[in-house]
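Here is how the chains run, residue by residue.
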Amino acid sequence: MSSARRTDQQAAAPHVADSHDLIRVHGARENNLKDVSIEIPKRRLTVFTGVSGSGKSSLVFNTIAAESQRLINETYSAFVQGFMPTLARPEVDVLDGLTTAIIVDQQRMGADPRSTVGTATDANAMLRILFSRLGDPHIGPPSAYSFNTASVRASGAITVERGNKKAVRATYERTGGMCTNCEGRGKVSDIDLSQLYDDSKSLAEGAFTIPGWKSDSQWTVQVYAQSGFVDPDKPIREYTEKELRDFLYGEPVKVKVSGVNLTYEGLIPKIQKSFLSKDKEAMQPHIRAFVERAVTFTTCPECDGTRLSEGARSSRIGKISIADACAMEIRDLAEWVRTLDDPSVAPLLTALRDTLDSFVEIGLGYLSLDRPAGTLSGGEAQRVKMIRHLGSSLTDTTYVFDEPTIGLHPHDIQRMNDLLLRLRDKGNTVLVVEHKPETIAIADHVVDLGPGAGTAGGTVCFEGTVEGLRAGDTVTGRHLDDRAVLKETVREPTGTLEIRDATTHNLQGVDVDVPLGVLCVVTGVAGSGKSSLIHGSVPAGAGADVVSVDQSPIKGSRRSNPATYTGLLDPIRKAFAKANGVKPALFSANSEGACPTCNGAGVVYTDLAMMAGVATPCEDCEGKRFQASVLEYRLGGRDISEVLAMSVAQAEEFFGTGEARTPAAHKILDRLADVGLGYLTLGQPLTTLSGGERQRLKLATHMGDKGGVYVLDEPTTGLHLADVEQLLGLLDRLVDAGKSVIVIEHHQAVMAHADWIIDLGPGAGHDGGRIVFEGTPADLVADRSTLTGEHLAAYVGA
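Residues numbered from 1 in each chain as written. Predicted model: local features only at pLDDT ≥ 70, side-chain atom pairs only at ≥ 80, totals over all residues. Heavy atoms only, no water.

**Here's the deal with the overall build of the chain**
Helix and strand counts for the chain stand at 29 helices and 27 strands. The C-alpha atoms of the chain give a radius of gyration of 30 Å, which matches the 28 Å a tight globule of 798 residues would have. When burial is assessed residue by residue, the chain has 50% of its 798 residues classed as buried. Pairs at least 24 apart in sequence give 66% of the contacts found in the chain among residues at least 6 apart. Here the chain has roughly 36400 Å² of accessible surface; of this, 50% comes from carbon and sulfur atoms. Of the charged side chains in the chain, 82 are positive and 102 negative, and the gap between their average positions amounts to 5 Å. (Helix = DSSP H or I, 4+ residues; strand = E, 2+ residues; numbered from the N terminus. Rg over C-alpha atoms; globule rule 2.2 N^0.38 Å. Buried < 20%, exposed > 50% of the residue type's maximum accessible area, 1.4 Å probe, protein only. Contact = heavy atoms within 4.5 Å. Areas by Shrake-Rupley, 256 points an atom, 1.4 Å probe, with all protein chains shown as cover. Lys, Arg positive; Asp, Glu negative; His and termini not counted. Charge placed at Lys NZ, Arg CZ, Asp CG, Glu CD.)

Now the structure itself:
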């Protein structure tokens, strides 16, 4: 009896293995975090909130997820670790209870011209196998259907070093699916030679007009001048036919330039390799402008833009070739795959159907597999990355999401919420960095960081339930139930921008008049054609008077900072140089003023092979990045390192009055403060900025442009509810200053604040591409005939 009772008591006692149900963080100090200590429940959905720059990403991505990945990497052998990215241990005292982390971030997918939605997921690989098994006529293995694989044929003698060496005859053949004309890019380029050089000048006189090609010192130019193929002192227009052919199309050949062996290559292939092999979206603005001037891209006439060889296009299953399959919308492709039934490829068909269904389920059924990966928005890219995790059998892992609702219409947010809850219900820990109240509302646990941004943030203001957050006195709690109200009166347009018969991507011959002189919001579900309409038509319709601030990420290394990115450092350097009677280059940490020990980085990096490299502050400059002699020069009593350590707000005051008064610098600082970045320090590396901060930094840079029409693509991306109010004030100031502002946006507060709304739809892909509403926000709410109208009416409580 007592024995049975004892057994029951033992069974009732929790197993020690079940006691590890918290992730404990103690003393986190990454970036702006101030000794943060929190406990996060496992197998629950935890949402991290707080104003942009408050430290959410520093805690979730740079501390918890980074340490989890580092610990997993350490389980591999030193040999394998040598091929993996090395991760430093985050600045934290204790991290306990971690599980394997799967990170789904907002990083854009590779912008390589050869990368498509199909190649970035497993879908293209499975389709290639399918066609290699069932395609008629049979043309070869899966590589024969790949536009990234060229056909290769070779024969000759090879020496086999085994026992007695002997030469044997061998032939090698590989069938690829690459179109030979466009080399698998789908587009061919035609280069305008007049944009590459001034043919009235010689090379010695600086004939090249290509960005960065300076005749006096640039190695690339010296290769042409000293190659011996052309006369560097003869104007290009006077070249003989042979000289011009060698100059433009010469084969690669080794030449000696100033005693150094370098490769000479004709100008056209050189331009194609150095500029045209990269995606335009990934280029710096001045390089992109040059490429757009000098190069016209047209659809390849041989493959008709499919990227595939004639053989790959001729092989069909039924009436469908692999090119046709990749061009279909994914939801249509999924239906076609369902019609296939062949026992020999049954497992493959099942896997392919599951992958395609995941696209549809996650709201990306309107994409096609041949869509270039570089054209996906941040939100679309993040959802494409989610696809491989949806059907995963893994449990007890930690999924980390960075604002998964970015780029989603309110109608689509519910679907995303369901997916997050499904991952949690499978027994996973889900950590989400998010601003949208709809997603905060489904959280089991909320961590609110703040109270401010930058140095004013980095502490935990609230931990607990959503109800507790709503009742708490934090910035997020106070703004959680904010609802913008419809304007009583709207501005009258000063003119219209006519768009006629727009057919970019899925647009179905759209005719629309975009009002000028007002705040016009273009909205609609994801994939309805908003960006196609505005980015594809407005610049063409309005000439060069358009300032476009898109979602492309700003480029910048750890040497770049807000001062260098915005051009603020130029007037500051000149002011220092003028006040001290020296060269401006001395006040650049990337030029003559750099500390010679750390080359202006402020830290010395020690590479430890497969172990995380160590960064130690430079002992000579003490992390200030400049030579000691440079720091003796002062402006208004401050040296250059002290100025770069100032916040935007402090610098605005410093350069506004007194001895340091610099109007050019003050104007840029005004713009930075205007977009709510007053807390950023001028010398803070761009790599430490959050997504919302980068977006606003880009907006501040473009506010100085002289355009009359501003096109903003989802400017609320990464913005806290409190920051959206400030953004609306900024948009109002732009319109009141006589600008026309066109905003592509899903945020209901921006819609409610608009003077005019253009709503596209009714669905996505081929179900969209039409104007379903034009009018004022009040009319849209009263009408309620579209998905946007229904959600806006619910938002404003109408």
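Structure's up, so let's keep going.
**Some details on the pattern of salt bridges**
Scanning the model with the defined rule gives 34 salt bridges in all. Of the charged contacts, one joins R470 and D481 as a salt bridge, the two residues approaching to 3.0 Å between their closest N and O atoms. Taken as a pair, R470 in helix α17 (residues 466–471) and D481 in the loop between α18 (475–479) and β18 (495–502) lie far apart in primary sequence, 11 residues in all. Residue classification places R470 among the partly exposed residues on the basis of a relative accessible area of 39%. Salt-bridge contacts for R500 lead to E498; the nearest nitrogen and oxygen are separated by 4.0 Å. On the basis of relative accessibility, which here comes to 44%, the residue R500 falls in the partly exposed class. Within this structure, K487, R491, D732, D736 and D755 form a network of salt bridges that share partners. (Salt bridge = Lys/Arg side-chain N within 4 Å of Asp/Glu carboxyl O.)

**Some details on the side chain of S315**
Along the polypeptide, S315 turns up in the loop between α10 (310–314) and β12 (316–317). By relative accessible area, which is 0% here, S315 ends up buried. A distance of 3.0 Å separates a polar side-chain atom of S315 from the backbone oxygen of P137. A distance of 2.8 Å separates polar atoms of two side chains, one belonging to S315 and the other to Y145. For S315, the contacting residues outside a window of four places in its chain are F131, G135, D136, P137, I139, Y145, I320, S321 and I322. (Polar contact = N/O pair within 3.5 Å; in protein donor to acceptor, adjacent residues only side chain to side chain.)

**Some remarks on helix α9 (residues 285–294)**
Taken as a whole, α9 has its buried residues at I287, R288, F290, V291 and A294. Take α9 and look down its axis: the buried residues cluster within an arc of 160°, on one side only. Close packing links the buried residues of α9 with β8 (187–191), α8 (267–276) and β11 (295–299). (Arc of directions from axis to C-beta.)

**With respect to the environment of V549**
Mapped onto the elements of the fold, V549 is located in strand β21 (residues 546–549). A relative accessible area of 3% means that V549 is categorised as buried. Taking C-alpha positions, V549 is 24 Å from T776, a pair spaced 227 residues apart along the chain. V549 has contacts with K698, L699, H702, V711, L712 and D713, leaving out every residue within four places of it along the chain.

**Let's talk about the side chain of H445**
Inspection of the secondary structure puts H445 in strand β16 (residues 445–450). For H445, a relative accessible area of 13% puts it in the buried group. Setting aside residues no more than four positions away along its own chain, H445 makes contact with E39, P41, L45, T46, V47, E463 and G464.

**Section: the nonpolar core**
One broad rule of soluble globular proteins: the nonpolar side chains tend to lie buried together. Ranked by internal contacts, the top residues of the largest apolar core, which has 69 residues, are I572, I640, F655, L682 and V741. For this core, the element with the highest residue contribution is helix α26 (residues 721–736), accounting for seven residues. Contact partners of L682, with chain neighbours within four places excluded, come to N561, P562, A563, L568, I572, V643, L644, M646, V648, A651 and L669. Core analysis: the next-biggest nonpolar cluster, separate from the first, contains 68 residues, V47, V337, V345 and Y399 among them. (Core = buried A, V, L, I, M, F, W, Y, C linked by side-chain atoms within 4.5 Å.)

**What to know about the pairing of strand β25 (residues 740–744)**
Judged by how many residues are buried, β25 sits mostly within the fold: five of five residues are covered. By the alternation rule, side chains of β25 split into S740, I742 and I744 and V741 and V743, which are all buried. Note: strand β20 (residues 519–524) against β25, four bridges, orientation parallel. Across the sheet, L519 pairs through a bridge with V741, a residue of β25. Across five bridges, strand β24 (residues 709–713) lies against β25 in parallel orientation. The partner of L712 across the bridge, within β25, is V743. In this view, the connection linking β24 to its parallel neighbour β25 by way of α26 has right-handed handedness. (Pairing = 2+ DSSP bridges. Right-handed = clockwise from strand over helix to strand, strands pointing away.)

**Some thoughts on a nonpolar patch on the surface**
A cluster of nonpolar side chains, contributed by Y76, F79, V80 and F83, occupies part of the molecular surface with about 460 Å² of accessible area. Looking at the secondary structure, you find F79 in helix α3 (residues 78–81). (Patch = residues over 30% accessible without salt bridge, like charges linked within 9 Å, V, L, I, M, F, W, Y side chains within 5 Å.)

**Details of the packing of helix α12 (residues 330–338) against helix α13 (residues 346–361)**
As a packed pair, α12 and α13 sit with axes 9 Å apart at the nearest point and diverge in direction by 155°. Classified by the angle their axes make, α12 and α13 are roughly antiparallel. Where α12 crosses over α13, the two elements pack in a sense that is left-handed. Where α12 abuts α13, its residues I330, R331, L333, A334, V337 and R338 lie against L349, L352, R353, L356, D357, F359 and V360. Residue composition of the contact of α12 with α13, grouped by class: nine nonpolar, no polar and four charged. (Axes fitted to C-alpha atoms, helices over the stretch in contact; angles between N-to-C directions. Parallel < 35°, antiparallel > 145°, perpendicular 65-115°, else oblique. Left-handed = near helix turned anticlockwise from the far one by under 90°. Nonpolar A, V, L, I, M, F, W, Y, C, P; charged D, E, K, R; others polar.)

**Brief notes about the packing of helix α5 (residues 123–134) against α13**
When two helices pack together, their arrangement is given by the angle between their axes and by how far apart the axes lie. Running from amino to carboxyl end, α5 crosses α13 at an angle of 150°, the nearest separation of the two axes being 10 Å. Compared by their axis directions, α5 and α13 come out roughly antiparallel. The handedness of the crossing between α5 and α13 is left-handed. For the pair α5 and α13, the contacting residues are A123, M126, L127, I129 and L130 in the first and L348, L349, A351, L352 and T355 in the second. For the contact of α5 with α13, a count of residues per class yields nine nonpolar, one polar and no charged.

**With respect to the sheet that holds strand β14 (residues 398–402)**
Overall, mixed pairing links the six strands, which are arranged β5-β14-β15-β3-β16-β17 in an open sheet. Each end of this open sheet is capped by a strand with a single partner; those strands are β5 (101–104) and β17 (459–464). For this sheet, the mean inter-axis angle between neighbouring strands, taken without regard to orientation, is 15°. Note that strand β3 (residues 45–49) and strand β15 (residues 429–433) share four bridges and pair parallel.

**Looking at unusual backbone geometry**
The omega torsion of the bond from D136 to P137 falls at 0°, within 30 degrees of zero and hence cis. Inspection of the secondary structure assignment puts P137 in the loop between α5 and β6 (152–160). A cis geometry characterises the amide bond from G761 onward to P762, with omega recorded as 0°. Mapped onto the secondary structure, P762 falls in the loop between β26 (756–761) and β27 (770–775).

**Considerations on helix α21 (residues 569–580)**
Counted at 1.5 Å a residue, the expected span for α21 with its 12 residues is 16 Å, and the 16 Å between its end C-alpha atoms agrees. For α21, the set of buried residues is L569, P571, I572, R573, A575, F576 and A577. Taken together, the buried residues of α21 touch α20 (562–565), α22 (640–644) and α24 (663–674). Phi turns positive one or two residues past the end of α21, at G581, with a value near 65°. (Expected span 1.5 Å × (residues − 1).)

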